[in-house]
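Residue strings, one per chain:
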Amino acid sequence: MEIEMRSEPMPKGGAGPAAAADGLADLVEVLLPGEGVWPSGKSVGVQAFLALRLLQERGRAELARVTAAVIAAGGPLASLDAAARIAVVRRFEAEEPALFGLVRDIAYVSYYENPFVAEAINAQGHPYDLRPHIKGYPVPRFDLARDTPRHGRGRYVPTDAVRRVDVSALDLTSDATQSWGLKR
Amino acid sequence: MTQNADCDVLIIGAGATGSLAATVLARAGLDVVCLEQGSWVEAGDHPHYSGDWTWQRRTNWNSDVNKRHHPDDYPVESDSSQVLMWNGVGGSTNVYGAIWPRYRPSDFRKGDEHGLQPNWPISYEDIAPFYEAADRLIGTSGLAGDPAMPPREACPTGPLPFTRAAGRLAQSFDKLGWHWWPAEAGVISENYDGRPGCNGCGICNGCPRGSMSKFSMSIWPKALAAGTRLRTHARVLKIETGRDGRASGALYVDRNTGRTAFQGARVVIVAANGVGTPRLLLNSRIANSSDQVGRNLLHHTLVSSEMWVDEPIESHMGYVASVIGREFAETDVSRGFVNGFQFNCLTGTSAAGEVAAGWVTNTKAPWGHDHHAWFERHFGHGIGIHAIGDDLPNPDNRVTLDPTLTDADGLPAAKLHYAPGENDRRMMNFMLDRLVDIAKAAGAFEHKLTDYRDEDGIYRTPAWHMIGTCRMGTDPTTSVVNGWNQSWDVPNLFIVDGSVLATGGVVNPTPTISALALRAATYIRDNFKALAAGGRAMAA
């Protein structure tokens, strides 16, 4: 993470700061709407963390890029109805996938660091602590009688039992396996 | 330049192996100085106590040296790998996960087995007592009696909790008829050696409680109590040699004052990790008559999966590793490749934000109105699995010096190149297919795989393991050190970090690196007079 040591001027040509801040909040509202016990991203202030973390990660110009990308996709969002907002954000995602991905990920991480959101997780029946290291979680101890494996499977080759295997048919000096991994 | 009085033993690097060597040698009454370019990492410095620890571990506490830009670090240019490294007291144990499995006997005999890797100059039996000694010093947990491994002593503390994720995985492996065993960990399950047992918080990237063995908390107090003099912010620029070809000490810069100093020593130990050590040797132009320094970089073959099951398993709780699967750990050429691999099965991420923003496979929650339903379905239901295998050495996979990039003190940066070979690629295909088998056996409602290849097809492994770059051997023309970690070229120079591993095994290497460091330090202790007098105390 590059932490900027000086304040840079806002790049010219972007929206004014008030409009830009509102625009970022509107974007967060589309990404993380409120529903049931879940507060919206906007209501827990994700946009403030998003702005700060974009600044820290990429510099101030990145904030203007986000605003510009939303506008290029049909924004600003403020004057649009719900369906149109979603359509604009979808276009942003399609046209600027890397930038959008960064915004989305920062928004998600920031959202789930919020105490009210942690409360919502607990409301689902999951014990979830934003700072679990302090008290830990109540995980039952290993029970030797219950948890020890009884399958008896597994083997190893002792040192003096290592034998030569025949690799002549494997053709490992080739470079044949070019199609590998998930693209096969 | 300041000229410090000569010491008996100079150790370069205060990470895991430097601290172990210092403990052994200082306890023997030797005058030990350790130079560390980084600083102490206090418990309160870690992000674990902050509500934004998720963000911090992706940024300023990222285990990748190139993603956090810490002033203690030096640049590592890589065309492939993400580089796990922490420069400071305790080294990378400040950010590691401490899964603690051992090598197996055949790992030391790959030359006999197929000849595509060298035999080690030592056997499993040579290192086994030092595994036990290291476990007692470091504090580990686990369950003895695994039929897939040689017999071992009981771990100092019993196994960590058998989580619901572990239970679900065990059922799946049973269904497949595959081996599994509770994971061994460099984490204490109960209070031990003045440190508290694991509290199951799940933030297993270092541990400021000290339940996970952070060596600045578990080993360094012992080394300091025994009289080791540790100098932090002391970046070594060069190891000097005399006209007799022996190491005379090291030139270093005090990063606080900018002044250079020379620390003379009778024996010099390098403990600067699989990247830092070859970088230092190459910059010093020593110990490289074989041209093997920096070559044969091993990362392990690594592919991974995530799966999500209907059963709520609260997989954000508890130590991050759950079970280890050793079904495929030995060579079986009918699979189409040599060597084996194991499954390092995890629980889930302890961070809700990572469930949504991506964890092992970088799977993302949808945005918009589907987000919360997706999160409710996935949080507390996920399990991660790494398949980790023994990659074949390639002399072109290597650490070199960057021709232009330097660190803050003008020292050339390390440059890494790594690409998996034919055998490695075949193995990873097989591993991916087996990960699918596990997901199916678990009845997962969803699973995702990752091969760590980017959009251009380049394998960008999260190289948690950087080993093999100053390998141990029996032949001075194909190895850098002998079976006692002693340089072939410079008889009073020893290398005790992961760069000496001749093969990678199928496991996380820190237990083996630690055991080897203890063994080498014991050898230096027992032969110090001969080594200091100028002789080559070659018991091996």
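Bear in mind that the values here come from a model prediction, so they are computed numbers and not experimental data.

What counts, and where the lines are drawn
Residues numbered from 1 in each chain as written. Chains lettered and ligands numbered in written order. Predicted model: local features only at pLDDT ≥ 70, side-chain atom pairs only at ≥ 80, totals over all residues. Heavy atoms only, no water. Helix = DSSP H or I, 4+ residues; strand = E, 2+ residues; numbered from the N terminus. Rg over C-alpha atoms; globule rule 2.2 N^0.38 Å. Buried < 20%, exposed > 50% of the residue type's maximum accessible area, 1.4 Å probe, protein only. Areas by Shrake-Rupley, 256 points an atom, 1.4 Å probe, with all protein chains shown as cover. Lys, Arg positive; Asp, Glu negative; His and termini not counted. Charge placed at Lys NZ, Arg CZ, Asp CG, Glu CD. UniProt positions renumbered as here; feature names shortened; annotations may be inferred. Core = buried A, V, L, I, M, F, W, Y, C linked by side-chain atoms within 4.5 Å. Contact = heavy atoms within 4.5 Å. Pairing = 2+ DSSP bridges. Axes fitted to C-alpha atoms, helices over the stretch in contact; angles between N-to-C directions. pLDDT = per-residue confidence, 0-100. Salt bridge = Lys/Arg side-chain N within 4 Å of Asp/Glu carboxyl O. Domains from an automatic or database assignment. Buried area = accessible area lost by both parts, 1.4 Å probe. Polar contact = N/O pair within 3.5 Å; in protein donor to acceptor, adjacent residues only side chain to side chain. Disulfide = S-S within 2.5 Å.

So, about the overall build of chain B. Scanning chain B from N- to C-terminus turns up 14 helices and 18 strands. Since a compact globule built from 540 residues should have a radius of gyration of about 24 Å, the 22 Å found for chain B is in line with a globular shape. The principal-axis extent of the C-alpha atoms belonging to chain B is close to 70 × 50 × 45 Å. A total of 540 residues make up chain B; the buried ones form 69% of that total. For chain B, the accessible surface area stands at approximately 15700 Å², while carbon and sulfur atoms represent 48% of it. Of the side chains in chain B, 48 bear a positive and 58 a negative charge, and the two mean positions are spaced by 3 Å.

All right, on to the UniProt feature "domain: Glucose-methanol-choline oxidoreductase N-terminal" (unreviewed entry) in chain B then. Under the feature "domain: Glucose-methanol-choline oxidoreductase N-terminal" (unreviewed entry), the UniProt entry names residues 8-301 of chain B. Annotation note: span residues 8-301 of chain B, helix share 26%, strand share 16%, distance between end C-alpha atoms 40 Å.

Here we take up the UniProt feature "domain: Glucose-methanol-choline oxidoreductase C-terminal" (unreviewed entry) in chain B. UniProt records the feature "domain: Glucose-methanol-choline oxidoreductase C-terminal" (unreviewed entry) for residues 393-517 of chain B in the present numbering. Secondary structure content for residues 393-517 of chain B is 22% helix and 20% strand, while the C-alpha to C-alpha distance between its ends is 22 Å.

Turning to the nonpolar core, a few remarks are in order. Residues Ile269, Tyr319 and Phe343 of chain B are the most contacted members of the largest nonpolar core, which totals 150 residues. It is helix H13 (residues 510-526) of chain B that provides the largest number of residues to this core, a total of 9 residues. Other than its neighbours up to four places away in sequence, Phe343 of chain B contacts Phe173, Trp178, Val323, Ile324, Gly325, Phe328, Ile385, His386, Ala387, Arg434, Leu435 and Ile438 of chain B. Core analysis: the second largest hydrophobic core is formed by 49 residues, Leu24, Leu27, Leu50 and Val117 of chain A among them.

The next thing to look at is the sheet that holds strand S10 (residues 301-308) of chain B. All names here are of chain B. Here we have 6 strands laid out as an open sheet, ordered S5-S11-S12-S13-S10-S16, and antiparallel in their pairing. Each having just a single partner strand, strand S5 (181-182) and strand S16 (446-450) make up the two edges of the open sheet. Sheet topology places S10 next to S16; 5 bridges connect them, and they run antiparallel. Paired with Met307 across the bridge in S16 is His447. Its contacts with the sheet place helix H12 (residues 422-441) against S10, strand S12 (341-346), strand S13 (382-389) and S16, and it is angled at close to 15° to S10.

Let's shift gears to the confidence of the model for chain A. Interpretation of this model should avoid reading the predicted coordinates in detail wherever pLDDT is low. Predicted confidence across chain A gives a mean pLDDT of 92, with 92% of residues reaching 70 or more. Low confidence marks residues 1-7 of chain A, where pLDDT is under 50. Its contacts with residues over four positions away, or in another chain, come to 14 contacts.

Residues and elements named next belong to chain A. All chains considered together, the criterion is met by 38 salt bridges over all chains. For Arg65, the salt bridge identified is with Glu96, shortest N-O distance 3.1 Å. Placement of the pair is Arg65 in helix H3 (residues 61-72) and Glu96 in the loop between helix H4 (82-95) and helix H5 (97-111), with a sequence separation of 31 residues. Within the structure, one salt-bridge network assembled from shared partners comprises Arg58, Glu62, Arg65 and Glu96.

Further remarks concern the pairing of S12 of chain B. Where a strand is regular, its side chains alternate between the two sheet faces. Residues and elements named next belong to chain B. When you tally the buried positions in S12, you get 6 out of 6 residues, the bulk of the element. With burial as the criterion, each face of S12 is covered, one bearing Phe341, Phe343 and Cys345 and the other bearing Gln342, Asn344 and Leu346. In terms of strand pairing, strand S11 (residues 321-325) meets S12 through 3 bridges, oriented antiparallel. In the strand pairing of S12, Ile324 is matched with Asn344. Pairing of S12 with S13, which is carried by 5 bridges, proceeds in the antiparallel orientation. Each bridged residue has a counterpart across the sheet, and for Phe341 the counterpart in S13 is Gly389.

With that settled, consider the environment of Ser499 of chain B. Residues and elements named next belong to chain B. Positionally, Ser499 belongs in the loop between strand S18 (493-495) and H13. Given a relative accessible area of 0%, Ser499 falls into the buried group. Residues Ser499 and Glu153, 346 residues apart in the sequence, show an inter-C-alpha distance of 27 Å. Dropping the residues within four chain positions of it, Ser499 is found in contact with Gly274, Thr277, Ile467, Gly468, Thr469, Cys470 and Arg471.

Attention now moves to the sheet that holds strand S14 (residues 398-406) of chain B. Residues and elements named next belong to chain B. The 3 strands are arranged S3-S15-S14 in an open sheet whose pairing can be described as mixed. Each of the sheet's edge strands pairs with one partner strand only, and the pair in question is strand S3 (76-78) and S14. If you compare each strand with its neighbour and ignore which way they point, the axes differ by 35° on average. Each of S3, S14 and strand S15 (412-417) is contacted by helix H9 (residues 273-284), which is oriented at about 65° to S14, the strand it contacts most.

Here we come to the domain arrangement of chain B. Residue and element names in this part refer to chain B. As assigned here, chain B comprises domain 1 (1-43 + 71-90 + 101-139 + 214-298 + 463-539) and domain 2 (157-206 + 301-389 + 419-460). Spacing between the C-alpha centres of domain 1 and domain 2 amounts to 31 Å. Counting residues at the interface gives 25 residues for domain 1, matched by 25 residues for domain 2. Between domain 1 and domain 2, the buried area comes to about 1800 Å², and carbon and sulfur atoms account for 47% of it. On the domain 1 side of the contact with domain 2, Arg104, Gly139 and Val506 bury the most area, a combined 29% of that side's loss. Our count for the contact surface shared by domain 1 and domain 2 stands at 2 salt bridges. For the salt bridge of Glu330 with Arg104, the shortest nitrogen-to-oxygen distance reads 3.1 Å. Counting the contacts that link domain 1 with domain 2 gives 12 residue pairs in polar contact (both at pLDDT 80 or more). Looking at the side of domain 1 that touches domain 2, the elements with two or more residues in it are helix H4 (110-113), helix H5 (124-138) and helix H7 (215-218).

This part is about the interface of chain B and chain A. Chain B puts 98 residues into the contact, and the matching count from chain A is 77 residues. For the pairing of chain B and chain A, the buried interface totals around 7300 Å² over both sides, and the portion due to carbon and sulfur atoms is 61%. Linking chain B with chain A are 4 salt bridges. Between Arg184 of chain A and Asp433 of chain B there is a salt bridge, with the nearest N and O atoms lying 3.1 Å from each other. Inspection of the chain B/chain A interface yields 40 residue pairs in polar contact (both at pLDDT 80 or more). Among the elements that line the side of chain B that touches chain A, the one with the most residues is H12 of chain B, at 8 residues.

Take the state of the cysteines next. Residues and elements named next belong to chain B. One pass over the structure, following the stated rule, counts 0 disulfides over all chains. Here Cys155 is not cross-linked by a disulfide; its sulfur's nearest cysteine counterpart is in Cys198, at 14 Å. For Cys155, a relative accessible area of 11% translates into the label buried. Not part of a disulfide, Cys470 finds its nearest cysteine sulfur in Cys34, a span of 18 Å.

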